[in-house]
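# Inside the fold
Each chain is listed here by its residues.
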Amino acid sequence: MAVTMNGRIHSWDLSTGVDGPGTRFVLFVSGCPLRCLYCANPDTWHMRDGKETTVDEVMREIEKYRAFITTAGGGVTVTGGEPLLQPAFTGEILRRCKEAGLHTALDTSGFLGARASDEFLSETDLVLLDIKSFDVNTYRRLTGGELGPTLNFATRLDRLGVPMWIRYVLVPGWTDDPESVEGLASFVAGLGTVDRVDVLPFHKLGAAKYEVLSLPFPLRDTPGPTRDSVERVREQFREHGLKTY
């Protein structure tokens, strides 16, 4: 029997090749415990700002696009915000999608990884794990949180055999330090279930949202990384035998 439960979502969208393999139904849930300086979705920070809905309603929306996403080799990705701030709601969506034969992906910072039970993770075909920095102090200044929980979650995913895509946002002056990148590359190379590493250039596409919300954008004056710096970081990961994009 299906479980009916409520959660809060921001929106949903369709994407191809960015939020997991193939064309994806991407569900943005509301609420996040971190405050990343480069966050492109400040409108997802607070649970109270989301729309209350049920798993059944979400599944009905997903079903409308089933033929489209499955034909394109895709599935469903739950992102945010931080999906693990609502673990029961997120877990039930993943379970129902898995039951329906849809590929499932969880996009998370891993900061709340301890909230995901082994059963929850058994319904997850892929975890898109955002590792913001490998330097403890930089991570704290960049996100307001601690690095340890994310690394522990990555190690646990590896132990459970859950496939991962690592996501790393390259921010000049923050996450481009060669020594820190080298440390992260070495750590990730030791995880047997990492399929790829996505080095994502910092951008300011979300700057307008800060204006609408009357919030200062902390990295407004920070430039995007150069092509050479992006390639240098990708090459550091490749040198450890990792596939990078």
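To be clear, the structure that these remarks concern was listed above.
A word on the state of the cysteines. Disulfide: a covalent bond connecting the sulfur atoms of a pair of cysteines. Enumeration according to the criterion identifies 0 disulfides in this entry. The cysteine C36 is free of any disulfide, with C32 supplying the nearest cysteine sulfur at 6.3 Å. According to the relative accessible area criterion, C36 is buried, its value standing at 9%.

Bridge analysis of strand β7 (residues 164-170) against strand β8 (residues 194-201) gives 7 bridges, and the strand direction is parallel. Looking across to β8, one finds that R167 is bridged to D198. Viewed along the sheet, the connection from β7 through helix α7 (residues 178-189) into β8 turns out right-handed.

The next thing to look at is the environment of M5. Inspection of the secondary structure assignment puts M5 in the segment before β1 (6-16). Taking the C-alpha atoms as reference, M5 lies 8.4 Å from A88; in sequence the two are 83 residues apart. Not counting residues within four places of it along the chain, the set of residues in contact with M5 comprises T53, T54, V55, A88, F89 and E92.

In this section: the side chain of T244. The topology assignment puts T244 in the segment after α9 (227-238). A polar atom in the side chain of T244 sits 3.1 Å from the side chain of R238. Those residues in contact with T244 that sit more than four places away from it in its chain are V197, R234, F237 and R238.

Below, the discussion takes up the packing of aromatic side chains. Under the counting rule described, the total for this entry stands at 7 aromatic pairs. Measuring from centroid to centroid gives 5.2 Å for W12 and Y65, while their planes differ by 55°, and the two rings are tilted. Pair noted here: W12 is in strand β1 and Y65 is in the loop between α1 (55-64) and α2 (66-71), with a separation of 53 residues, a long-range link. Taking 6.2 Å as the distance between ring centres and 80° as the angle between the ring planes, the aromatic pair formed by W45 and Y210 counts as edge-to-face.

As a packed pair, α1 and helix α3 (residues 87-99) sit with axes 10 Å apart at the nearest point and diverge in direction by 40°. When the interaxial angle is binned, α1 and α3 end up oblique. Crossing angle aside, the handedness with which α1 passes α3 is right-handed. Contacts between α1 and α3 involve V55, D56, V58, M59 and I62 on the former and, on the latter, F89, E92, I93, R96 and C97. Looking at side-chain class alone, the contact of α1 with α3 contains 7 nonpolar, no polar and 3 charged residues.

In a structure, side chains of opposite charge can pair up when their charged atoms sit close to one another. Tallied over the entire structure, the rule returns 16 salt bridges. Close ionic contact of R238 with E235 constitutes a salt bridge, the shortest N to O distance being 3.0 Å. Here the residue R238 and the residue E235 both occupy positions in helix α9, the gap between them amounting to 3 residues, near one helical turn. Residues joined by salt bridges that share partners form a network here, namely D19, D107 and R167.

Nonpolar side chains in soluble globular proteins tend to be buried together. Ranked by internal contacts, the top residues of the largest apolar core, which has 63 residues, are M164 and F237. Ranked by the residues each element gives to this core, the list is headed by β7, at 5 residues. Here M164 is in contact with L126, V127, L129, A154, L157, D158, L191, T193, V194, D195 and R196, once residues within four sequence places are set aside.

Quick notes on the rules
- Residues numbered from 1 in each chain as written.
- Predicted model: local features only at pLDDT ≥ 70, side-chain atom pairs only at ≥ 80, totals over all residues.
- Heavy atoms only, no water.
- Disulfide = S-S within 2.5 Å.
- Buried < 20%, exposed > 50% of the residue type's maximum accessible area, 1.4 Å probe, protein only.
- Pairing = 2+ DSSP bridges.
- Helix = DSSP H or I, 4+ residues; strand = E, 2+ residues; numbered from the N terminus.
- Right-handed = clockwise from strand over helix to strand, strands pointing away.
- Contact = heavy atoms within 4.5 Å.
- Polar contact = N/O pair within 3.5 Å; in protein donor to acceptor, adjacent residues only side chain to side chain.
- Phe/Tyr/Trp six-rings, centres within 6.5 Å; stacked < 30°, edge-to-face > 60°.
- Axes fitted to C-alpha atoms, helices over the stretch in contact; angles between N-to-C directions.
- Parallel < 35°, antiparallel > 145°, perpendicular 65-115°, else oblique.
- Left-handed = near helix turned anticlockwise from the far one by under 90°.
- Nonpolar A, V, L, I, M, F, W, Y, C, P; charged D, E, K, R; others polar.
- Salt bridge = Lys/Arg side-chain N within 4 Å of Asp/Glu carboxyl O.
- Core = buried A, V, L, I, M, F, W, Y, C linked by side-chain atoms within 4.5 Å.

Read these as spatial facts, not as claims about activity.
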